[in-house]
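Next come the chains, spelled out residue by residue.
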2 protein chains.
Amino acid sequence: MSKCEQCIVREFSSLKALSKNELVHLSDCKTSHTIKKGEVIFEEGENVNGIFCIKDGVCKLTKLSPNGKDHIVKLVTKGELLGQRSMISEEPVNLSAVALEDMEVCFIPKSEVMSFFDKNNQFSMNVMKTICGDLKEADDHMVNLAQKTVKERLAETLLYLHDTFGKNEDNSLKVQLSRDELASMIGTATESCIRLLSDFKKLGLIELTGKKILLKDISKLKKLAE
Amino acid sequence: MSKCEQCIVREFSSLKALSKNELVHLSDCKTSHTIKKGEVIFEEGENVNGIFCIKDGVCKLTKLSPNGKDHIVKLVTKGELLGQRSMISEEPVNLSAVALEDMEVCFIPKSEVMSFFDKNNQFSMNVMKTICGDLKEADDHMVNLAQKTVKERLAETLLYLHDTFGKNEDNSLKVQLSRDELASMIGTATESCIRLLSDFKKLGLIELTGKKILLKDISKLKKLAE
DNA sequence: TAAAAAATATGACATTTGTCATATAAATGC
DNA sequence: GCATTTATATGACAAATGTCATATTTTTTA
């Protein structure tokens, strides 16, 4: 079993507040998991009795809308924690988590997290700040969905993917979303998303090679996103 | 100066966890304010060094979108606290708060809140749960904005206003929003909002008397909202 | 590797929504 | 109480977006 003391990703999450002792203890409680691309980590409505720490890979958090379509609420990656909100609320998770690529995650049982919570003030403060950050992000996102056009949202989302997850050696976006997923992130029909991508391509803003998307004119995309 | 020990609204917020002693102390630190309809409590980007406790009245939390329009992110009412997120994040507030009716609010300085935070575990847990609840609500809202039509959102919003804030003796919605505000809540143009209200009226779902809105057929509205 | 399935792409068209113009009603200031 | 401003309402039209059909490409599976 791998040791949390030696795990680098903990430095990027609330767990960075844990002491050496706490980390040693954590190593014994946590379980490690490999998750293949497309596999479900947890599903909306499930009781997840703890949190996941993402060691490697990216996943999408989705919510089923009443009309039956999935909406991607957020992407979560290496170093982040999953399931904090529902653990604190003592409710089932309100979102599903699905791997977008092969992942390595560790599961930390609730009892363990709660004991850190009680004893380590810095840890609980970190968790709170993360959730507050998520809330602010959600507010921003909400306003964008309400006030921006689909074209603006697509441009913005492409830039977000570029800035947050970086690019491959060939300069294409590192996180590969299907057109369908991209559409469910910006809140539009798949066909509209495909059409706008074609438009962007014709305008020389991006390049499309199969599933790969390459941003060619970032400053023009920024103008488009307003 | 009014006494927090005798204030009933504290029972409805995280402050319910405070002890008698803490409440006595709070009474000395807090300041009471009367805010007239339309007045600004705080503005996006401002540094608010503490939180507001709403003793009476309702306000809107808005965010300016890049295109210059205000979007109403949330309505907040009697018993709720304002400004918790930004206090914890140690950031300026990301939303503006404007009174929708005459209000009574108390301001509690940050130092005071933080000392409760450190010493009273139940209080900090309450705050966390509130923020987690807000986050879940924001996720739901996001999916609605992304996936539902304007008509569905209007129906849903009318029902929300009805269920959350109740109605007057004449059965009209208690919270009176202008068409403009209603539109900026559901994320559409004012004209579209007005037009749909007219449609709803013609369908016998609602009644319009000046600014007043009266829900006549709640079950049909529910079907419309999906 | 061939066949089947799924994803991407595009056209044609309907529907929804936004914009601008203008009319009417209500609220506000003097 | 009247004039002025602001809010509500509606028509006409344009633009954005969704839906359905279908072709093409890519991926998966047997």
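Parameters and conventions
Residues numbered from 1 in each chain as written. Chains lettered and ligands numbered in written order. Predicted model: local features only at pLDDT ≥ 70, side-chain atom pairs only at ≥ 80, totals over all residues. Heavy atoms only, no water. Axes fitted to C-alpha atoms, helices over the stretch in contact; angles between N-to-C directions. Helix = DSSP H or I, 4+ residues; strand = E, 2+ residues; numbered from the N terminus. Parallel < 35°, antiparallel > 145°, perpendicular 65-115°, else oblique. Contact = heavy atoms within 4.5 Å. Near = heavy atom within 4 Å. Polar contact = N/O pair within 3.5 Å; in protein donor to acceptor, adjacent residues only side chain to side chain. UniProt positions renumbered as here; feature names shortened; annotations may be inferred. Domains from an automatic or database assignment. Buried area = accessible area lost by both parts, 1.4 Å probe. Salt bridge = Lys/Arg side-chain N within 4 Å of Asp/Glu carboxyl O. Pairing = 2+ DSSP bridges.

Another aspect to go through is the packing of helix α6 (residues 179-186) of chain A against helix α7 (residues 190-202) of chain A. Working note: a packed helix pair is described by the angle between its axes plus the distance between those axes. Residues and elements named next belong to chain A. Between α6 and α7, whose axes approach to 8 Å, the crossing angle comes to 100 degrees. In this view, α6 runs roughly perpendicular relative to α7, as classed from their interaxial angle. Note on element contacts: α7 touches α6 through T190, C193, I194 and L197, opposite R179, D180, L182 and A183.

Moving on: the protein's contact with DNA strand C. The immediate surroundings of DNA strand C are formed by 15 residues, with R179(A), S198(A), V150(B), T188(B) and S192(B) found nearest. Restricting attention to atoms of DNA strand C within 4 Å of the protein, one finds that 58% of them are sugar or phosphate atoms. One of the backbone nitrogen or oxygen atoms of V150(B) is found 2.9 Å away from a phosphate oxygen of DNA strand C. Measuring from a phosphate oxygen of DNA strand C, one finds a side-chain N or O atom of S192(B) at 2.9 Å. Among the elements of the structure, α6 and α7 of chain A together with α7 (190-202) of chain B are those that each provide at least two residues to the surface near DNA strand C. Looking at the surface near DNA strand C element by element, the count peaks at four residues for α7(A).

Moving on, we come to the UniProt feature "domain: HTH crp-type" (unreviewed entry) in chain A. As recorded in UniProt, the feature "domain: HTH crp-type" (unreviewed entry) lies at residues 148-219 of chain A. In the segment residues 148-219 of chain A, helix accounts for 54% and strand for 11%; the C-alpha atoms at its two ends are 18 Å apart.

We now examine the domain arrangement of chain A. All names here are of chain A. Taken domain by domain, chain A holds domain 1 (4-120) and domain 2 (147-225). One C-alpha centre belongs to domain 1, the other to domain 2; they are set 27 Å apart. With eight residues of domain 1 at the interface, the matching set in domain 2 holds nine residues. Across the domain 1/domain 2 interface, buried area totals approximately 840 Å², and carbon plus sulfur atoms make up 63% of it. It is I72, L75 and L100 in domain 1 that bury the most area against domain 2; as a group they hold 54% of the surface buried on that side. Between the two partners, domain 1 and domain 2, sit one salt bridge.

Attention now goes to the sheet that holds strand β7 (residues 96-99) of chain A. Ordered by their spatial adjacency, four strands build an open sheet running β2-β7-β4-β5 (chain A), and the pairing between neighbours is antiparallel. Both outer strands of the open sheet, β2 (40-42) and β5 (70-77) of chain A, are each paired with one neighbouring strand and no more. Averaged over all adjacent pairs, the angle separating strand axes in this sheet is 30 degrees, with direction ignored. Examined bridge by bridge, β2(A) and β7(A) share two bridges and lie antiparallel to one another. Across the sheet, F42(A) pairs through a bridge with A97(A), a residue of β7(A). Docked against the sheet, helix α4 (residues 121-147) of chain B engages β4 (58-64) and β5 of chain A, running at close to 130 degrees with respect to β5(A).

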